[in-house]
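# Structural overview
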Amino acid sequence: MSQRFPPRAVLAGCALLLAFALALGAVSGAYAISLPQLWKVLASLGQGAAADKSPEYLVFVNIRLPRLVLGVAAGAGLGMAGTLMQGLFRNPLADPGLVGISSGAALAAGVTIVLGAWFMPVLPRTLGSWTLVVMAFGGGLSVTLLIYALSRSEGGTRMALMLLAGIAVNALAGAGLGFLSVMATDEQLRSLQFWLLGSLGGARWSAVILVGVAVLLSCVAAASLAAPLNAIALGESQAALLGVDVERIKRRAIVVTAVAVGAVTATTGIIGFVGLIAPHWVRMVAGPDHRAVLPASALLGAALVLVSDTVARTAMAPAELPLGVLTAFIGVPMFLLMLRHFRGRI
Amino acid sequence: MTEERISSSLVRRRDALRLAAAASLGAAALPLFAQSPEAKKLPRLITVSGAITEVVYLLGAEGQLVGTDTTSLYPAAARGTPKVGYMRQLSAEGLLSLKPDAVIATNESGPPVVLDQVRSAGVKVEIVQADHSWGEVQRKNQVVGRAAAREAQARALQVKLDAEWAQVQQRVAAAQGRKPRVLFVLSHSASPQVSGEKTAAHAVIGYAGGVNALGGFEGYRPMTAEAMATAAPDIVMTSDQSIEAHGGIERFWQRPELALTPAFRKRSLVTLDALLLLGFGPRMPAAIAELHPKFMAAVA
């Protein structure tokens, strides 16, 4: 590990990065909105919307702004969930995507899209995004529990077991999604493809607010887990000696992770590797204290997703790149570097 | 998997290269358009479907066209227009950045959320229902005429197309003898797909006086040897792009799934350009006129 910085400096740095990413995302996009125009739009936002209905206003408020908010929520949720997973498993390679939580959520969402009409008395559309979020949450939660049960052994979790279980769950989810895609109608197939690639393109205020609230709540819940996770990092028996109710903390961490990842995945599809990279970068500069790593990873994750999405929106404009593809392009080389770094411990 | 998806994946790479060129060209051309009095009052259009783009050109409205999707490959000039991406992976800001007055798409375009977003930004979104019928062709014509403010031209075109269609359908109806069993194979990528009911290919086979060799399922399925032997097609129909992807007709016939079919024994193959064959655009009568005699020859 290189030189460490005080937690406050790291938090401030991550917050600055996020602010920069937000500003960058706000000014760039396929639709040209100049700075003075943007300023006018922002000013009229403060005064209540009704007055200004210029095309720039409509594009910014209806399309770009919800997308930015969704990016922040998704990135923060995934960064935070990644940190929780790594703390819970006491394992640097735990990531919601890698151990199959995202694909579990995506599979559950796929089942809802394709087979929803069978098992729900009401049409899926009437329940709207809630059904999907709840199902994705359920899928994420069951995978987390499964992985946890499979990979735990005395004094912690076994890395190899956890990763192998993750491979198995990812393969199963892949097969399940493949099966669903054969059963799916054309329209359902298109929705399925969306899960696999990940995108913020579907950002509508109704969905954005839903995800935002879910992620905010889980971040608040996660904050109270930081200190106990620090104790668990010393070993579960040590933590118990320090007066930490280890089992309760674990259960909470699992639920919080599943809520955040489920809500994000239900709205954006699978966005890989953010939960893996963000905590690692933070730990490199701030050290392992969860009280710093948790909030800083959430901020950094949000910044990462925003920057990736800005590239996704603009690189091929007026067409668009899938966001999951971009995060994988950044994430996979990072992951390989980490494997090299940790190879002695796997 | 659908026909548009695969045909577009084939051309997407070429389009990506062209994109850069088209974008710079478009940027240069825009100020000129803005100054010409005609373009000032006529609505600017984005078309999301190859067939709809064809109608725009037939109505002489190509000057109003500010963007098309990657399935818009005909006429050749359409390939040079700014591309908004694949018809099912549109981007709201991308569409709006071309400052259209109307976006014309089919119910197969999407994602629906993106079209909602475009609507919420105050741009008209016209959706043509695609049901693989002659009515679909008529609706495309009508909607483009309305959106482009060229309704008189659209009506004239409709009269001409309806006449062509009536003539072709008369010829098909007059055909004597057994209707050939036709298998449609779509093979623009590694795994070939065959068409069941409720597909564009199914409808085209019917209009051209054949019978779809496959039934009992909707949409596309992977091609398997036993199912093809059971289907016993007299004719294999496919797109030029599928043949191209296989590297020629010889290679295409080497597909093991086809070896046990009557069509294989007679090497009875019908191919057409994917957009002409399945696009349900204004060239539909021409496509049927070309298919029908070939169908009849195969069972003669």
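Just so it is clear, the model here is predicted, and its values are computed rather than measured.

What follows deals with the overall build of chain A. Looking only at helices and strands, chain A has 15 helices and two strands in total. Burial statistics for chain A: of 346 residues in total, 52% are counted as buried. Residue pairs in contact within chain A that sit at least 24 positions apart in sequence constitute 80% of those at least 6 positions apart.

Attention now goes to the overall build of chain B. When its secondary structure is counted, chain B shows 14 helices and 10 strands. Counting across all 300 residues of chain B, residues that qualify as buried make up 49%.

What follows is about the interface of chain B and chain A. Facing the 25 residues of chain B at the interface are 22 residues of chain A. If you list the elements that add at least two residues to the side of chain B that touches chain A, you get α4 (92–97) and α5 (112–120) of chain B. The element that contributes the greatest number of residues to the side of chain B that touches chain A is α4 of chain B, accounting for six residues.

Interface extent is often summarised as the accessible area lost during association of the parts. Residue and element names in this part refer to chain B. Taken as a whole, chain B is organised into domain 1 (3–169) and domain 2 (176–299). The interface of domain 1 with domain 2 comprises 23 residues on the first partner and 20 residues on the second. Among the residues forming the side of domain 1 that touches domain 2, the class breakdown is 12 nonpolar, six polar and five charged.

Residue and element names in this part refer to chain B. Residue P75 follows Y74 across a cis peptide bond; omega there is -10°. Looking at where P75 falls in the secondary structure, it is placed in the loop between β2 (65–68) and α4. With phi around 50°, F280 is a residue other than glycine that occupies positive phi space. With respect to the helices and strands, F280 occurs in the loop between α13 (274–278) and α14 (284–299).

All names here are of chain B. What the four strands build is an open sheet, ordered β2-β1-β3-β4; its pairing is parallel. Only two strands of the sheet have a single neighbouring strand rather than two, namely β2 and β4 (124–128). Shown here is a sheet whose adjacent strand axes are inclined to one another by a mean of 20°, direction ignored. Relative to β4, strand β3 (residues 102–106) runs parallel, the two being bridged by five bridges.

Moving on, we come to helix α13 (residues 274–286) of chain A. All names here are of chain A. Over its 13 residues, α13 runs 18 Å from end to end, which matches the ideal 18 Å to within 8%, given 1.5 Å per residue. Most of α13 is tucked away, with 10 of its 13 residues classed as buried. At its buried positions, α13 is contacted by α1 (7–27), α3 (55–89), α14 (290–314) and α15 (323–341). Two residues or fewer past α13, G287 is found with a positive phi of approximately 85°.

This part covers the pairing of β3 of chain B. Residue and element names in this part refer to chain B. Across the five residues that make up β3, a large majority, five, are buried. On β3, burial covers both faces: A102, I104 and T106 on one face and V103 and A105 on the other are all buried. Traced from β3 through α5 to β4, the parallel crossover comes out right-handed.

Now for the confidence of the model for chain B. All names here are of chain B. Of the residues in chain B, 86% have a pLDDT of 70 or more, and the chain-wide mean is 86. Between residues 1–37, whose pLDDT stays under 50, and residues either more than four places distant or in other chains, the model counts 43 contacts. In the predicted complex, the global pTM is 0.80; the interface-specific ipTM is 0.74.

Time to look at the environment of L98 of chain B. Summarising the element assignment, L98 of chain B is placed in the loop between α4 and β3. Given 23 C-beta atoms within a 10 Å radius, L98 of chain B is considered buried. Each C-alpha atom of the pair L98 of chain B and V66 of chain B lies 6.4 Å from the other, and the pair is 32 residues apart in sequence. Contacts of L98 of chain B, omitting those with residues within four sequence positions, involve P318 of chain A together with I46, V66, G67 and P82 of chain B.

Now for the pairing of strand β1 (residues 45–48) of chain B. Residues and elements named next belong to chain B. What you see with β1 is no split at all: L45 and T47 on one side and I46 and V48 on the other are buried throughout. As paired strands, β1 and β2 are joined by three bridges and run parallel to one another. Residue pairing in the sheet places I46 in a bridge with G67 of β2. Handedness of the β1-helix α3 (residues 50–58)-β2 crossover: right-handed. Pairing analysis gives four bridges linking β1 to β3, with the strands arranged parallel. Across the sheet, T47 pairs through a bridge with I104, a residue of β3.

Criteria and thresholds
- Residues numbered from 1 in each chain as written.
- Chains lettered and ligands numbered in written order.
- Predicted model: local features only at pLDDT ≥ 70, side-chain atom pairs only at ≥ 80, totals over all residues.
- Helix = DSSP H or I, 4+ residues; strand = E, 2+ residues; numbered from the N terminus.
- Buried ≥ 20, exposed ≤ 12 C-beta atoms within 10 Å, placed from the backbone.
- Contact = placed C-beta atoms within 7 Å.
- Domains from an automatic or database assignment.
- Nonpolar A, V, L, I, M, F, W, Y, C, P; charged D, E, K, R; others polar.
- Pairing = 2+ DSSP bridges.
- Axes fitted to C-alpha atoms, helices over the stretch in contact; angles between N-to-C directions.
- Expected span 1.5 Å × (residues − 1).
- Right-handed = clockwise from strand over helix to strand, strands pointing away.
- pLDDT = per-residue confidence, 0-100.

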